[in-house]
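For reference, the chains in residue letters:
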Amino acid sequence: MNDFLNSPLTLGSRTMPGRLMLAPMAGLGSLALREWIDTLGGCALFSMEMCNARAVPGENRHASPVFRWRDAEVSRLVCQIFGGHPNDMAAAA
């Protein structure tokens, strides 16, 4: 089973080094949880907390309680944005 979980997975044009992923979960994608999971072996892909599209352009990743990440996880981190206005969503993306 470990060989399967550690084998690469290609989705579209992106290849991830493994198949274990942290699914999006409300209130459970915090920086602290992701860092702890890394100490246990990590994931090929992490989801962070949901972020309001209107707030994202002005967020500071070092001060925000939600919109935070470590440099070491950037290549495997997915930011979930939500909003009701296309212009806000485009600016956040």
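Further up the page is the structure itself.
Throughout, a residue's number is its position along its own chain's written sequence, starting from 1. This being a predicted model, a pLDDT of at least 70 is required before a residue's local features are given, and a value of 80 or more before pairs of side-chain atoms are given or counted; all residues contribute to the totals for chains, interfaces and linings. Computation of side-chain values covers all heavy atoms of the structure but excludes hydrogens and water.

*Asks:* Quick question: what am I supposed to make of the pairing of strand β3 (residues 46-52) here?
*Replies:* Here is the key point about a regular strand: its side chains alternate between the two faces of the sheet. Each residue's exposure class comes from its accessible area (1.4 Å probe, protein chains only) as a fraction of the maximum for that residue type: buried when under 20%, exposed when over 50%, partly exposed otherwise. Only DSSP runs of H or I with at least four residues qualify as helices, and only runs of E with at least two residues qualify as strands; both kinds are numbered from the N terminus onward. With five of seven residues buried, β3 lies mostly within the body of the structure. Pairs of strands are assigned from DSSP output, requiring at least two bridges between the strands. Relative to strand β4 (residues 77-82), β3 runs parallel, the two being bridged by five bridges. From the neighbouring strand, M50 faces β4, where its bridge partner is Q80.

*Asks:* What is the right way to read the pattern of salt bridges from this model?
*Replies:* Two side chains with opposite charge may pair up if their charged atoms get near one another. We define a salt bridge as a contact between a side-chain nitrogen of Lys or Arg and a carboxyl oxygen of Asp or Glu at a distance within 4 Å. Counted by the stated rule, this structure contains six salt bridges. R34 is the partner of E73 in a salt bridge, and the nearest nitrogen-oxygen pair spans 2.8 Å. Placement of the pair is E73 in the loop between β3 and β4 and R34 in helix α2 (residues 31-39), with a sequence separation of 39 residues. A relative accessible area of 0% means that E73 is categorised as buried. Put simply, D38 and R70 hold a salt bridge, and the shortest N to O gap is 2.7 Å. Of the two residues, D38 is situated in helix α2 and R70 in the loop between β3 and β4; the sequence distance between them amounts to 32 residues.

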